[in-house]
Amino acid sequence: MATVTSEAPAPPSTAPAKNSSPARPRKKRMLVIVNPYATTVSDRLKNLVVYALQGRYEVEAVLTEAKSHATDIGREACDGGYDVVVAFGGDGTLNEVANGVAGTDIPVTVLPGGSTNVVCRTLGIPNDVVDATEHLLALADDFHPRKVDLGVANGRRFVFACGCGLDATAAQRVDSHPKLKARGGRWFYTYAVVAGFYRHYLRDPVVMRLAAGAESADGVTAIVQNSDPFTYFGRQPLRVCEGAALDNGTLSAAMLGRAAQRDVPTIAARALSERLRTSGHRQIDHFEGLTEARIESISQSDGSLRGFPVQVDGDYIGDHTEIDLGIEPGALTVVS
């Protein structure tokens, strides 16, 4: 009798199945440029922020050591293979970073560490550093860089505003007293404006001429904006110029014709109002849609032109007798 041998079926494979889920994308490389002298920045806060960001990014943090250092770091970052550069400080820190990376495609964003943080709020980033850090963590999954314009004043780029006259006088005083700036915030800035007004503008102020094309206006203080609002008083936006936006390829400007006590209440009321326009005040000449302009001193002393103070993005940059203004459309890449 023949014996039939049947072959048992092979046992199921015990080899592990390949993971069919997609590989997790690499972490974006982030450079955080920290201004340790900014109003609300501390070493402990910096360490906490960096630790939190490391959950979603490959983070490197660098401290600035002097004025313009953030500009140098920004230039070097352009060749560092970073996916995003973060300015951790005030508007002045962002200004320096923007001057370093302008004209490149490396995205820039902000963590608020200053007293006002105008650009941070204009971009829709929370003004609280903890909330802003959470916002930045969320951007890792929703990363959409966009281009914004930069204004230019004598070759120095600015993100939101350049001022000549009273606001620059106030900026100079505030910058020279960092401890009072940190403690007093907007109230110290208000004091600096009032003190500067009475000391330097009620009697014999420097008179400037703003010329744009065929139009011109003379006055004692000029504000040039690349975005809106001009600044904030606490949570309240202060609006001066009309038609300013970060991405419309133009600047707007306002010239205050005189320094008189009787004008202060009505100008302040308009700047704080959502209904009234500051540019509509009878002592203010307004310009919008500008791509270039010039501000020059027309006051002399002993045969020489008198200089006027200038600020960009809230930082005093010295006294000048002339400022050439322009716009660089799409010069800065931001992510917010």
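Residues numbered from 1 in each chain as written. Predicted model: local features only at pLDDT ≥ 70, side-chain atom pairs only at ≥ 80, totals over all residues. Heavy atoms only, no water.

1. A closer look at the packing of aromatic side chains
Phase 1: Taken as a whole and assessed by the stated rule, the structure comprises three aromatic pairs.
Phase 2: Their ring planes at 90 degrees and their centres at 5.4 Å tell us that Phe 197 and Tyr 198 sit as a pair that is edge-to-face.
Phase 3: Overall, Phe 197 belongs to the buried group, its relative accessible area being 9%.
Phase 4: The ring of Tyr 82 has Arg 29 lying over it, and the distance from NZ or CZ to the ring centre is 4.5 Å.
Phase 5: Between the NZ or CZ atom of Arg 121 and the centre of the ring of Tyr 232, over which it lies, the distance is 3.9 Å. (Phe/Tyr/Trp six-rings, centres within 6.5 Å; stacked < 30°, edge-to-face > 60°. Buried < 20%, exposed > 50% of the residue type's maximum accessible area, 1.4 Å probe, protein only. Lys NZ or Arg CZ within 6 Å of the ring centre and 35° of its normal.)

2. Observations regarding empty space enclosed by the protein
Taking a probe equal in size to a water molecule and rolling it over the atoms shows the remaining empty space.
Phase 1: Across all of its chains, the model carries one cavity of 30 Å³ or more by this definition.
Phase 2: Taken as a whole, the largest cavity spans an internal volume of roughly 40 Å³.
Phase 3: What lines the largest cavity is simply Leu 94, Val 108, Val 110, Val 119, Leu 123, Val 148, Val 159, Leu 246, Leu 332 and Val 334.
Phase 4: Elements with a minimum of two residues in the lining of the largest cavity: strand 4 (108–112) and strand 20 (322–334). (1 Å grid on protein atoms, 1.4 Å probe; cavity = no way out; pocket = protein on both sides within 12 Å on 5 of 7 lines; lining within 4 Å. Points joined across faces, edges and corners; volume = space filled by probe spheres on them. Helix = DSSP H or I, 4+ residues; strand = E, 2+ residues; numbered from the N terminus.)

3. With respect to the layout of surface pockets
Phase 1: A volume near 240 Å³ is recorded for the second largest pocket.
Phase 2: Lining the second largest pocket are 17 residues, and of these Thr 169, His 200, Tyr 201, Pro 309 and Asp 319 lie nearest its centre.
Phase 3: No other element matches helix 6 (residues 166–175), which puts three residues into the lining of the second largest pocket.
Phase 4: The residue inventory of the lining of the second largest pocket, partitioned by class, reads seven nonpolar, six polar and four charged. (Nonpolar A, V, L, I, M, F, W, Y, C, P; charged D, E, K, R; others polar.)

4. Looking at the confidence of the model for the protein
Phase 1: With 93% of its residues at a pLDDT of at least 70, the protein reaches an overall mean of 91.
Phase 2: Across residues 1–10, confidence stays below pLDDT 50; counting only partners more than four residues off in sequence or on other chains, it has zero contacts. (pLDDT = per-residue confidence, 0-100. Contact = heavy atoms within 4.5 Å.)

5. Things to note about a nonpolar patch on the surface
Phase 1: A cluster of nonpolar side chains, Val 194, Tyr 198 and Leu 202, forms an exposed patch at the surface whose accessible area comes to about 260 Å².
Phase 2: Along the polypeptide, Tyr 198 turns up in helix 8 (residues 186–201).
Phase 3: Take Tyr 198: its relative accessible area is 46%, and that puts it in the partly exposed class. (Patch = residues over 30% accessible without salt bridge, like charges linked within 9 Å, V, L, I, M, F, W, Y side chains within 5 Å. Areas by Shrake-Rupley, 256 points an atom, 1.4 Å probe, with all protein chains shown as cover. Salt bridge = Lys/Arg side-chain N within 4 Å of Asp/Glu carboxyl O.)

6. Comments concerning the packing of helix 6 against helix 8
Phase 1: For the pair helix 6 and helix 8, interaxial distance at closest approach is 8 Å and the crossing angle is 120 degrees. In this view, helix 6 runs oblique relative to helix 8, as classed from their interaxial angle. For helix 6 against helix 8, the interelement crossing comes out right-handed. Contacts between helix 6 and helix 8 pair Leu 166, Asp 167, Thr 169, Ala 170, Ala 171, Arg 173 and Val 174 from the former with Phe 188, Tyr 189, Tyr 191, Ala 192, Val 193, Gly 196, Phe 197, Arg 199, His 200 and Tyr 201 from the latter.
Phase 2: Classifying every residue of the contact of helix 6 with helix 8 gives eleven nonpolar, three polar and three charged. (Axes fitted to C-alpha atoms, helices over the stretch in contact; angles between N-to-C directions. Parallel < 35°, antiparallel > 145°, perpendicular 65-115°, else oblique. Left-handed = near helix turned anticlockwise from the far one by under 90°.)

7. Section: the pattern of salt bridges
Phase 1: Counted according to the given criterion, the structure contains 17 salt bridges.
Phase 2: The partner of Arg 75 in a salt bridge is Asp 72, with the nearest N and O atoms 3.3 Å apart. Linking Arg 75 with Asp 72, this pair stays in helix 2 (residues 69–77), spanning three residues, or about one helical turn.
Phase 3: Judged by relative accessible area, Asp 72 falls into the partly exposed class, the value being 37%.
Phase 4: Close ionic contact of Asp 263 with Arg 258 constitutes a salt bridge, the shortest N to O distance being 2.7 Å.
Phase 5: Each of Arg 294, Glu 296, Glu 322 and Asp 324 takes part in a single network of salt bridges with overlapping partners.

8. Considering the pairing of strand 1 (residues 28–34)
Phase 1: Most of strand 1 is tucked away, with five of its seven residues classed as buried.
Phase 2: With seven bridges joining them, strand 1 and strand 2 (residues 57–63) adopt parallel strand pairing. Bridge assignment links Ile 33 to a residue of strand 2, and that residue is Val 62.
Phase 3: As for the winding sense of the linkage, the β-α-β connection from strand 1 through helix 1 (residues 43–53) to strand 2 is right-handed.
Phase 4: With five bridges connecting them, strand 1 and strand 3 (residues 84–89) associate as parallel partners. (Pairing = 2+ DSSP bridges. Right-handed = clockwise from strand over helix to strand, strands pointing away.)

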